[in-house]
Amino acid sequence: MTAEIGSTVLGYPRIGPERELKRALEAYWASRTGEAELRATARELRIATVRELRGAGLDSIPGGTFSYYDHVLDTAVTFGAVPQRHAELGLSPLDTYFAMARGAESAPPLEMTKWFDTNYHYLVPEIGPETRFSLADRAPVEHFQEALEAGVTTRPVLLGPLTFLLLSKPAGGAPRGFRPLEKLPELLDAYAELLVELRRAGAEWVQLDEPALAADPTAEQLRELRRAHQRLGELTERPKVLVAGYFGDFGPALGELAATPVEAIGVDLVTDPSVVDGMVNLPGLRDKTLVAGLVNGRNVWRADLDAALATGATLLGLAGDVAVSTSCSLLHVPYDVEAETDLDPQVKSWLSFARQKVREVVVLGKALGGDRDSVVDDLDRARAAVADRAAAAKVRNHRVRARLDALRPAHRRRSDYATRREAQQEALQLPPLPTTTIGSFPQTADIRRARAAWRAGRIDRSSYQQRMRDEIRRVVELQEQLGLDVLVHGEPERNDMVQYFAEHLEGFASTTRGWVQSYGSRCVRPPILFGDVARPEPITAEWSCYAQRLTGKPVKGMLTGPVTILAWSFVRDDQPLADTADQVAMAIRDEVQDLEAAGIRVIQVDEPALRELLPLNAARRPEYLEWAVSAFRLATSGVADSTQIHTHLCYSEFGDVIDAIVALDADVTSIEAARSRMEVLDDLNAVGFARGIGPGVHDIHSPRVPGAEEMAALLRAALNAVPVQRLWVNPDCGLKTRDYAEVEAALRNMVSAAVQVRQSLS
């Protein structure tokens, strides 16, 4: 193995093993601590990370992967792409950064969307002709020097210039047709300045991430890729450059990069192992270091080290050197499986979190480098774990498989929409512009303490249930006071919209400390879907029915859809995703039918991750969308015409899945729209969407509370695209992460806005 890179990883979790950064951030935002305390915590985490990776035996240590909120936002700030509305707030640099992420009273935040096909969210930079790129923030250099002073030479990791611009959107006021990519030459000057400073600080290597290249780059983008890395590669004073692509096949981009002066190219050999075929006899590759992503950076199963070694062996001779890495950053997995003391020991033996994946990379590096004897025990243990998982009886449920075999096309169809709409209008008697929320209400400290006390055995089930009923009563009474039309029970009993269901379904395992960053300080604990899925008993009807007994208004039953449960879990990789989706869909279908039988007439099955799982390669999208839509329809098609099925989608670029949204055949679709100012409605109209639609009028990911007039303006804009008979009024997403003061004010304004617009229409 090359001594220069050898074994490495492309990135590492940054929230802290005990979520130290989350707590420090939230204390700072609440003004309980100051900037000095927050920065001290961040520094401790950065130094602990690089020392841990060095101690684990990696040959090259990634640095600069830390972020206070999001690495795309960091890149915008580094190169001076701060919108004027945030720059004019007169805040400190750190608070300006957080205003871009979270908004301020007079300055809405940047738009937020999903990082490719993951559940991580990034902030969308706003770039216009007037944007002036410069090296405005030297944090990458400072973090390199900080690690150096701690005794660790790191490889700074930066988002690549092409991907940064491709992920950006035109700033408000930009001329029609302007594209951020037009600013590439100016941005490259700023990147060049940063590379020179890093070299002068002592950096030997720098990593530039270009994952956008896995998403079917155009001929123009390929030309710009080559131009960008040719320009940076020709610098006379710079570190050596590793360009890393992941989440798919580099495709033709690999040849373009091989023709530039960059010294190393990272390829994802997990998402698409066939990428190896494109490397044979590739001109220029024999002069490079090939960084082979052989260990899955996104899922938690132990690597089949024998198979990875076989793949790695085929690469020897194709490039000047071969190094071993993860397929992508380990940002997407928890820290340490050894911290999980409550997992089924057999299931636990099949798993590998970030620390274990680092070890797998080190083992592969030694074995490929000719030092197989020193890691023979590691190879034997991995081989035994893979074999044990393949043979385990708990992975297969023959009753589940028999149910799926009995399915027919009729199980995925409802009556036509016009018939359903008439039946639902008669049953529900809703006013024009009906108001509702997406489902969850604030998870107060009292709720979390009650849940923790019940799990720890400090209170009994009866006491816990009474505390949840008290909270549901509070939520229902609040909604009636505010004048909402379709109510929710608030979901106080749920820790997470996916984990809650996983804990009640067979085939899943849950962690206690397996936290993964979703965005900012928001962390989730993805459950582990290891076997066939079944629902042993009803899950939600008790709570929804209790809420319905408290009010004469309709209460929505709240469920999570099969695609989202898959997307936000670590899913088994031993059968097609389509089969697993249908298993989950059958469990949700049973729940839908139980809710209807109990008298619930509005049922929401959320699919916010529909766009998230869309393959980056366009050729693979039709197959995915077919089974994703089919699974949703299987889950929702077993009810009467008079039962109204809602779904919810949020924080994605919906244009790519508009046809699929139509094909879901939900009666009402609520969708994120506040940050994008209703842009998604144009996409829906373009495909003739003719069902109920609730474009969000309140961005719940910001603490900012919009006024009634602002929301009314959004509703009027929506009415330019949607007839009043089909328009619903709701926030962008669930209210779990907000506090009650914000929620009451925002919902009061939302209802007021709906009343204003109703009156103007009448």
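Residues numbered from 1 in each chain as written. Predicted model: local features only at pLDDT ≥ 70, side-chain atom pairs only at ≥ 80, totals over all residues. Heavy atoms only, no water.

**Structural notes on empty space enclosed by the protein**
- The tally for this structure, following the rule as stated, stands at six cavities of 30 Å³ or more.
- Its volume calculated, the largest cavity comes out at about 530 Å³.
- Met497, Arg522, Trp568, Cys733 and Lys736 are, among the 35 residues lining the largest cavity, the residues nearest its centre.
- Taken together, the elements giving at least two residues each to the lining of the largest cavity come down to strand E13 (516-519), strand E14 (522-524) and strand E16 (556-560).
- Examining the composition of the lining of the largest cavity, we find that three residues originate from one element, E16, more than from any other.
- Partitioning the lining of the largest cavity into residue classes produces 15 nonpolar, 12 polar and eight charged. (1 Å grid on protein atoms, 1.4 Å probe; cavity = no way out; pocket = protein on both sides within 12 Å on 5 of 7 lines; lining within 4 Å. Points joined across faces, edges and corners; volume = space filled by probe spheres on them. Helix = DSSP H or I, 4+ residues; strand = E, 2+ residues; numbered from the N terminus. Nonpolar A, V, L, I, M, F, W, Y, C, P; charged D, E, K, R; others polar.)

**A word on the pairing of strand E18 (residues 602-606)**
- With five of five residues buried, E18 is to be regarded as a mostly interior element.
- Covered by surrounding structure in E18 are Val602, Gln604 and Asp606 together with Ile603 and Val605, the residues of both alternating faces.
- Alignment of E16 against E18, held across five bridges, turns out to be parallel. Counted as the bridge partner of Thr560 is Asp606 from E18.
- Summarising the sheet, E18 and strand E19 (residues 644-649) pair through three bridges and their orientation is parallel. Bridging across to E19, Ile603 finds its partner in Ile645.
- Viewed along the sheet, the connection from E18 through helix H23 (residues 621-636) into E19 turns out right-handed. (Buried < 20%, exposed > 50% of the residue type's maximum accessible area, 1.4 Å probe, protein only. Pairing = 2+ DSSP bridges. Right-handed = clockwise from strand over helix to strand, strands pointing away.)

**Quick look at the UniProt feature "active site" (unreviewed entry) in the chain**
- Per the UniProt record, "active site" (unreviewed entry) is annotated on His701.
- Among the structural elements, His701 can be located in the loop between strand E21 (692-695) and helix H26 (708-719).
- Residue His701 is classed as buried on the basis of its relative accessible area of 10%. (UniProt positions renumbered as here; feature names shortened; annotations may be inferred.)

**A few points about the domain arrangement of the chain**
- Here the domain parsing of the chain yields domain 1 (7-391) and domain 2 (423-462 + 482-493 + 554-760).
- A separation of 32 Å is found between the C-alpha centroids of domain 1 and domain 2.
- Across the contact, 33 residues belong to domain 1 and 26 residues belong to domain 2.
- Both faces combined, the contact of domain 1 with domain 2 buries some 2,300 Å², and carbon together with sulfur accounts for 47% of it.
- Notably, a salt bridge pairs Arg620 with Asp272, separated by 3.1 Å at the nearest N-O pair.
- Counting across the interface, domain 1 meets domain 2 through 10 residue pairs in polar contact (both at pLDDT 80 or more). (Domains from an automatic or database assignment. Contact = heavy atoms within 4.5 Å. Buried area = accessible area lost by both parts, 1.4 Å probe. Salt bridge = Lys/Arg side-chain N within 4 Å of Asp/Glu carboxyl O. Polar contact = N/O pair within 3.5 Å; in protein donor to acceptor, adjacent residues only side chain to side chain.)

**Section: the environment of Pro17**
- With respect to the helices, strands and loops of the structure, Pro17 is situated in the segment before helix H1 (20-29).
- Sequence separation between Pro17 and Ala753 is 736 residues; the distance between their C-alpha atoms is 44 Å.
- With sequence-adjacent residues up to four places away left out, Pro17 is seen in contact with Leu45, Tyr335 and Arg355.

**A word on the packing of helix H22 (residues 577-597) against H23**
- Packing of H22 against H23 brings their axes to within 7 Å, and their N-to-C directions diverge by 20 degrees. Put simply, H22 runs roughly parallel to H23. With respect to the hand of their crossing, H22 and H23 are arranged in right-handed fashion. Contacts between H22 and H23 involve Leu577, Ala578, Ala581, Asp582, Ala585, Met586, Ile588, Arg589 and Val592 on the former and, on the latter, Trp627, Ala631, Leu634 and Ala635.
- The residue inventory of the contact of H22 with H23, partitioned by class, reads 11 nonpolar, no polar and two charged. (Axes fitted to C-alpha atoms, helices over the stretch in contact; angles between N-to-C directions. Parallel < 35°, antiparallel > 145°, perpendicular 65-115°, else oblique. Left-handed = near helix turned anticlockwise from the far one by under 90°.)

**Examining unusual backbone geometry**
- For Asn281, which is not glycine, the phi torsion reads 60 degrees and is therefore positive.
- Relative to the elements of secondary structure, Asn281 occurs in the loop between strand E9 (264-268) and strand E10 (289-295).
- The exposure class assigned to Asn281 is exposed, which follows from its relative accessible area of 68%.
- Although it is not a glycine, Gln429 adopts a positive phi angle of roughly 50 degrees.
- Along the chain, the position of Gln429 falls in the loop between helix H16 (417-428) and helix H17 (445-455).

**As for the pairing of E13**
- As defined by bridge partners, E13 adjoins E14 across three bridges and the pair is classed as antiparallel. Bridged to Tyr519 within E14 is Arg522.
- The turn linking E13 back onto E14 is made up of two residues, and Gly520 within it adopts a positive phi angle of 50 degrees.

**Here we look at the side chain of Glu224**
- Within the secondary structure, Glu224 is located in helix H9 (residues 219-233).
- For Glu224, a relative accessible area of 12% puts it in the buried group.
- Leaving out residues up to four positions away in the same chain, Glu224 has contacts with Leu162, Leu181 and Leu184.

**Thoughts on the pattern of salt bridges**
- Within this structure, the stated rule accounts for 46 salt bridges.
- In this structure, Lys394 and Asp344 form a salt bridge, with 2.6 Å as the shortest nitrogen-oxygen distance. With a gap of 50 residues between them, Lys394 in the loop between helix H14 (376-391) and helix H15 (398-405) and Asp344 in the loop between strand E11 (321-326) and helix H12 (345-348) connect regions that are remote in the sequence.
- Overall, Lys394 belongs to the partly exposed group, its relative accessible area being 32%.
- Salt bridges here are not isolated pairs; linked through shared partners, they connect Arg414, Arg420, Asp665, Asp667 and Arg691.

**With respect to the sheet that holds E18**
- Taken in spatial order, the five strands make up an open sheet running E16-E18-E19-E20-E21, and their pairing is parallel. The open sheet is flanked by E16 and E21, the only strands paired with a single partner. Put simply, the sheet's adjacent strands are angled 20 degrees from each other on average, direction ignored.
- Most of the contacts of H22 go to E16, to which it runs at about 175 degrees, and overall it touches E16 and E18.

**Points about helix H8 (residues 184-201)**
- Compared with an ideal rise of 1.5 Å per residue, which puts 18 residues at 26 Å, H8 spans 25 Å between its outermost C-alpha atoms and is within 8% of the ideal.
- Turning to H8, its buried residues number three or more, namely Leu184, Leu187, Leu188, Ala190, Tyr191, Ala192, Leu194, Leu195, Val196, Leu198 and Ala201.
- Considering only its buried residues, H8 is in contact with helix H3 (71-78), helix H6 (139-149), strand E5 (154-159), helix H7 (161-166), strand E7 (205-209) and H9.
- Gly202 lies just past H8 and shows a positive phi near 115 degrees. (Expected span 1.5 Å × (residues − 1).)

**Some words on the packing of helix H11 (residues 305-315) against H14**
- Running from N to C, H11 and H14 point in directions that differ by 115 degrees, and their axes come no closer than 8 Å. Contacts between H11 and H14 involve Leu305, Asp306 and Leu309 from the former and Asp378, Leu379, Ala382 and Arg383 from the latter.
- Looking at side-chain class alone, the contact of H11 with H14 contains four nonpolar, no polar and three charged residues.

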